[in-house]
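What follows is the residue order along each chain.
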Amino acid sequence: MDEDAGTEGEGRREEMAGLAKGLSVLLAFNHDHPSLSLSEIATITGLAPATARRCLLTLQSLGYVGSVKRRFFLRPKVLDLGAAYLEALDIERLASVPLTELANATSDSASISVLDGEDIIYVARASVRTLVRLEAHVGSRFPAFATAMGRVLLAALPDPMLRAFLDKAAIAPITEKTVVDRGQLFDLITQVRKDGYCAVEDELAYGVVSLAVPLKDQGGRTIATLNSASHSKRYAKDQLVAERLDHLRGVADQISRELRRLPSGNGLLPVADTVALGR
């Protein structure tokens, strides 16, 4: 019994040591180091390269870390643990002024989100008016299929990938107006691709209307999305599009230019690459 107890104690110490090493790998990423190679991570953390590699592979399998061309970066899931992802991405600082100006100009809310699994996740937000029916903040997650921002992100997928996404996604009504027919969703999202924007009213929550446009990288690929949201009692969907689309597109161009200044490998992958990674 004593031998078993000793083994269990050693196991617990090993588990805690492994957790500490994994966290040290996550914390190696920051504003100055948004993407790192294996050797750089080993140097920063003081871990042996083999240990650092095991930590990275584990974190990658759990969805906290991604990699492209032997460079590793944090994934949005890290927001569940804290602000490390936002610090590396630096999107709040770059987008803060135009987001705040947009919110002030419309007397409503403005947000930026990315795709994470089947959800959108808010990575930046400014608000003048609170949407009573839907309180959102940085880190909030909502199903992509039922949101304007989500449909803009999904519109960046090629048709086969979009069909596969919709086939496996958990799609269920949120309000009586939520579109849940997968064929209809496919048609709506492919229309978004042609229009370059999406507006959704009362599908995610009653009283909420949202207009969203893409944020794009140097190659014109969608990497995130920007929205302007209001109360549907103040604005019908068509009215929101008529009054805000040009302004929203102008702000999106401004933010896209700022995002292009970020180092490569900051985690803002084109949407198709994000889905291909399985997140």
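The numbers attached to residues start from 1 for each chain and follow its sequence in the written order. The predicted nature of this model means local features are confined to residues of pLDDT at least 70 and side-chain atom pairs, given and counted, to a pLDDT of 80 or more, with totals for whole chains, interfaces and linings taken over all residues. Heavy atoms from the whole structure form the basis of all side-chain values; hydrogens and water molecules are not counted.

## Observations concerning the environment of L94
Within the secondary structure, L94 sits in helix 5 (residues 91-106). Relative accessibility thresholds used throughout: buried, under 20% of the residue-type maximum; exposed, over 50%; partly exposed, between the two (1.4 Å probe, protein chains only). The class of L94 is buried, set by a relative accessible area of 10%. Taking the C-alpha atoms as reference points, L94 and L259, 165 residues apart in sequence, are found 7.2 Å from one another. In this text, helices come from DSSP runs of H or I with a minimum length of four residues, and strands from runs of E with a minimum of two, each type numbered from the N-terminal end.

## Some details on the confidence of the model for the chain
The pLDDT score gives, residue by residue, the confidence of the prediction method on a 0 to 100 scale. Taken over all residues, the pLDDT of the chain has a mean of 86, while the share at 70 or more is 85%. Across the chain, element-level confidence peaks in helix 6 (residues 148-154) with a mean pLDDT of 98 and bottoms out in helix 4 (residues 84-89) with 60. Here, two residues are considered to be in contact whenever any of their heavy atoms come within 4.5 Å of each other. Confidence drops under pLDDT 50 across residues 1-14; counting only partners more than four residues distant or on other chains, this segment forms zero contacts.

## Things to note about the pairing of strand 8 (residues 222-231)
Taking burial as the measure, the ten residues of strand 8 include ten buried ones, the bulk of the element. Following DSSP output, two strands are said to pair if at least two bridges run between them. As paired elements, strand 3 (residues 109-116) and strand 8 share five bridges and run antiparallel to each other. Bridge pairing in strand 8 places A110 opposite S228. In this structure, strand 7 (residues 208-216) lies alongside strand 8, joined through nine bridges in antiparallel fashion. Following the sheet pairing, V213 is matched in strand 8 by L226. Taken together, strand 7 and the strand that follows it, strand 8, pair antiparallel across an intervening segment of five residues, in which G220 is found at a positive phi of about 80 degrees.

## Regarding the packing of aromatic side chains
Pairing of aromatic side chains requires ring centres within 6.5 Å, counting the rings of Phe and Tyr and the six-membered ring of Trp. Pairs whose planes differ by under 30 degrees are stacked, by over 60 edge-to-face, and all others tilted. Evaluation of the coordinates by the stated rule reveals one aromatic pair. When the ring of Y122 is compared with that of F142, the centres are 5.7 Å apart and the planes differ by 75 degrees; the resulting orientation is edge-to-face. In this pair, Y122 sits in strand 4 (residues 119-127) while F142 sits in strand 5 (residues 141-143), placing the two residues 20 residues apart along the sequence. The same class applies to Y122 and to F142, which are both buried. A ring is scored as having a charge over it whenever the NZ atom of a lysine or the CZ atom of an arginine sits within 6 Å of its centre and within 35 degrees of its normal. In this structure, K77 packs its charged tip against the face of Y64, placed 5.0 Å from the ring centre. R244 extends its terminal NZ or CZ atom over the ring of Y235, reaching a point 4.6 Å from the ring centre.

## Some details on the pattern of salt bridges
Counted as salt bridges are all cases of a side-chain nitrogen of Lys or Arg within 4 Å of a carboxyl oxygen of Asp or Glu. A full pass over the atoms with the stated rule returns nine salt bridges. Salt-bridge contacts for D119 lead to R141; the nearest nitrogen and oxygen are separated by 3.4 Å. Of this pair, D119 sits in strand 4 while R141 sits in strand 5; the two residues are 22 residues apart in sequence, bridging distant segments of the chain. Judged by its relative accessible area of 23%, D119 falls in the partly exposed class. For R141, a relative accessible area of 30% corresponds to the partly exposed category. Between R193 and D159 there is a salt bridge, with its nearest N and O atoms 2.9 Å apart. Remark: D159 occurs in helix 7 (residues 159-168) and R193 occurs in helix 8 (residues 182-195); sequence separation between them is 34 residues. Assessed through its relative accessible area of 37%, R193 is described here as partly exposed. Salt bridges sharing common partners tie together D108, R234 and R244.

## Examining the sheet that holds strand 8
In space, the six strands of this open sheet follow the order 5-4-3-8-7-6, with antiparallel pairing throughout. If you trace the sheet from one side to the other, it starts and ends with strand 5 and strand 6 (198-201), each paired once. Across this sheet, the average inter-strand angle for adjacent strands is 30 degrees, counted without regard to direction. Each axis is a line fitted through C-alpha atoms, taken for helices only over the stretch in contact, and angles between the N-to-C directions span 0 to 180 degrees.

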